[in-house]
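These are the residues of each chain, in order.
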Amino acid sequence: MARKSESKGDARGRNRPLRGALVGYGFISSQGHVPGYLQSARERGDVEIVAVADMTEARRLAAQQALPSARIYPDHRSLLAQEAGNLDFIDISTPPTVHARIAHDALDRGLHVFCEKPLATTLEDARSMLAHASRARRVLFPCHNYKHAGVVKAIREILSSGAIGRVQTVTLSTYRNTHAKGVAEWLPHWRRDRMLSGGGIAMDHGPHTFYLAFEWLASYPTSISARTITVDSDRYDTEDSFTATLTFPTGVASSFLTWKAGVRKVIYTIHGDRGAITVDDDDMQISVVKPPNGDPTASTKWTTERRSISSNWMDASHVTWFRSLFDEFKAAIDADDFVGKDALEAYLAVQLITTAYRSAALGGRDLPLATEFRSTETARAELESVRSDAE
Ligand SMILES: NC(=O)c1ccc[n+]([C@@H]2O[C@H](COP(=O)([O-])OP(=O)(O)OC[C@H]3O[C@@H](n4cnc5c(N)ncnc54)[C@H](O)[C@@H]3O)[C@@H](O)[C@H]2O)c1
């Protein structure tokens, strides 16, 4: 039975910090989330981490050292049994195939859920998570932290100024010299094991690529064609490189992701009808078409501005992006925005990844995407119907 949000989990009128518990104390939790929470607690007194669950003993010991006053559990169920009445939210930082199970258990206890990407590894799981959050009137919020990188914030400002006009083409390339490794005490290569990861670099990095493309093209895609490549197929069953072309009502996005690069890097290009932005890590180039000089035969000329914006791309924990991400989660709690735009986009990312894998299995065939989530409004209507069906 759904509980009203005016209970303990509601931030409105709350005069105490949000109380959270972590499930999974591995790389991103210990290097990204916990330092972010501790800084926020120190400077703003807005959050307290009261408990941690991790299935690996060495990680439980590490958690106890980092958070001496937190209570530590071997699994999320024992944590919820003891702590749920004392919590506002749960932070899920385990590998993706167990996100859904943990989220459902937390929502059943009336907790808000802050969940690492990808939200889930199957569309059914992602859909049931959104429906459950909507029914339970609790926030489901994905960690879409690339939205908070310095360069990405600068792109947002340039696009909203209209400087490059209407965006119609974007390319997003992410180069990594290896798959990201989890903590040594558990299974550092879990991203190369489909049972734990649900897929390779598309599952791991695709969500970041796709929500940036949605924002820059200001719409949601209608079809995708994709290819996957697994150079290490003798050892691993997840892809190490991925290419995709996404058709949008407003234009096209092309993406290349690889764990087989010579250097760690992002390269983005965003093309409008009056100019373009190109990004190479912190370096940004903004080209704007010069007004015509009256000569119809003259070739187009651009003015180009160069900027350098520190975004800490080399730090895989992205700890410097955490505060504004966490602020958005808190704002969603305050606004009762249970299944907001970010959750819908997390769902759509799972839809894109799973459709991309089907496309790759069909030799790269262009596959249509369900139209129900093309706009936030239709998505909300769809969710409302899921919710009423479930009640
Ligand atoms: N947003 C980002 O930039 C970013 C960066 C890195 C990782 N991530 C995401 O964070 C999540 C974790 O990745 P990581 O690199 O920190 O992995 P990791 O291997 O370093 O940590 C996972 C931890 O979870 C624990 N664990 C595994 N299954 C568990 C379960 N069922 N219950 C309790 N504990 C469990 C392990 O013991 C380990 O300590 C993934 O979803 C990943 O995609 C996001």
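Before any of the text, the structure's been laid out above.
Below you will find a few notes about this structure. These numbers were taken from a predicted model, which means no experiment stands behind them.

1. Side note on the overall build of the protein
No. 1: The number of helices and strands found in the protein is 11 helices and 15 strands.
No. 2: The C-alpha radius of gyration computed for the protein amounts to 21 Å, which stays within 12% of the reference 21 Å derived for 391 residues, consistent with globular compactness.
No. 3: Expressed as lengths along the three principal axes of its C-alpha atoms, the size of the protein is roughly 75 × 50 × 45 Å.
No. 4: The proportion of buried residues among the 391 residues of the protein is 46%.
No. 5: A separation threshold of at least 6 residues defines the contact pool for the protein, and within that pool the share at least 24 residues apart is 72%.

2. A word on the site of the ligand
No. 1: Taken together, 30 residues lie around the ligand, and Gly24, Gly26, Phe27, Thr56 and Gly182 are the ones closest in.
No. 2: Here the element with the most residues in the shell around the ligand is helix α1 (residues 27-44); it accounts for 3 residues.
No. 3: Looking at the shell around the ligand residue by residue, the class counts come to 14 nonpolar, 10 polar and 6 charged.

3. Brief notes about the environment of Ile277
No. 1: Relative to the assigned elements, Ile277 resides in strand β12 (residues 275-280).
No. 2: According to the C-beta neighbour criterion, Ile277 is buried, with 26 such atoms within 10 Å.
No. 3: Separated by 113 residues in the primary sequence, Ile277 and Ile164 place their C-alpha atoms 7.8 Å from one another.
No. 4: Apart from the residues lying within four places of it in its own chain, the contact partners of Ile277 are Ile155, Ile158, Ile164, Ile270, Met284 and Ile286.

4. Quick word on helix α8 (residues 201-217)
Owing to its 3.6 residues per turn, the α-helix brings residues three or four apart onto one side.
No. 1: Between its first and last C-alpha, α8 extends 23 Å over 17 residues, near the 24 Å set by a 1.5 Å rise per residue.
No. 2: At Pro207, α8 shows its largest bend, some 35 degrees.
No. 3: In terms of burial, α8 is a largely internal element, 16 of the 17 residues being buried.

5. A word on the sheet that holds β12
Two modes of strand pairing occur in sheets, parallel and antiparallel, and in both the strands are linked by backbone hydrogen bonds.
No. 1: Taking strand neighbours across the sheet as the criterion, the 9 strands line up as β14-β13-β12-β11-β7-β10-β9-β8-β15 in an open arrangement whose pairing is mixed. At either end of the open sheet lies a strand with only one pairing partner, and these are β14 (302-308) and β15 (367-368).
No. 2: The sheet contact formed by strand β11 (residues 265-272) and β12 spans 5 bridges and is antiparallel. Residue pairing in the sheet places Ile270 in a bridge with Ile277 of β12.
No. 3: Its contacts with the sheet place helix α10 (residues 341-361) against β8 (223-229), β9 (241-248) and β15, and it is angled at close to 65 degrees to β8.

Cut-offs applied
- Residues numbered from 1 in each chain as written.
- Predicted model: local features only at pLDDT ≥ 70, side-chain atom pairs only at ≥ 80, totals over all residues.
- Helix = DSSP H or I, 4+ residues; strand = E, 2+ residues; numbered from the N terminus.
- Rg over C-alpha atoms; globule rule 2.2 N^0.38 Å.
- Buried ≥ 20, exposed ≤ 12 C-beta atoms within 10 Å, placed from the backbone.
- Contact = placed C-beta atoms within 7 Å.
- Near = placed C-beta within 6 Å.
- Nonpolar A, V, L, I, M, F, W, Y, C, P; charged D, E, K, R; others polar.
- Expected span 1.5 Å × (residues − 1).
- Bend = angle between axes of the 7 residues up to and from the residue.
- Pairing = 2+ DSSP bridges.
- Axes fitted to C-alpha atoms, helices over the stretch in contact; angles between N-to-C directions.

Coordinates in, geometry out; function isn't part of it.
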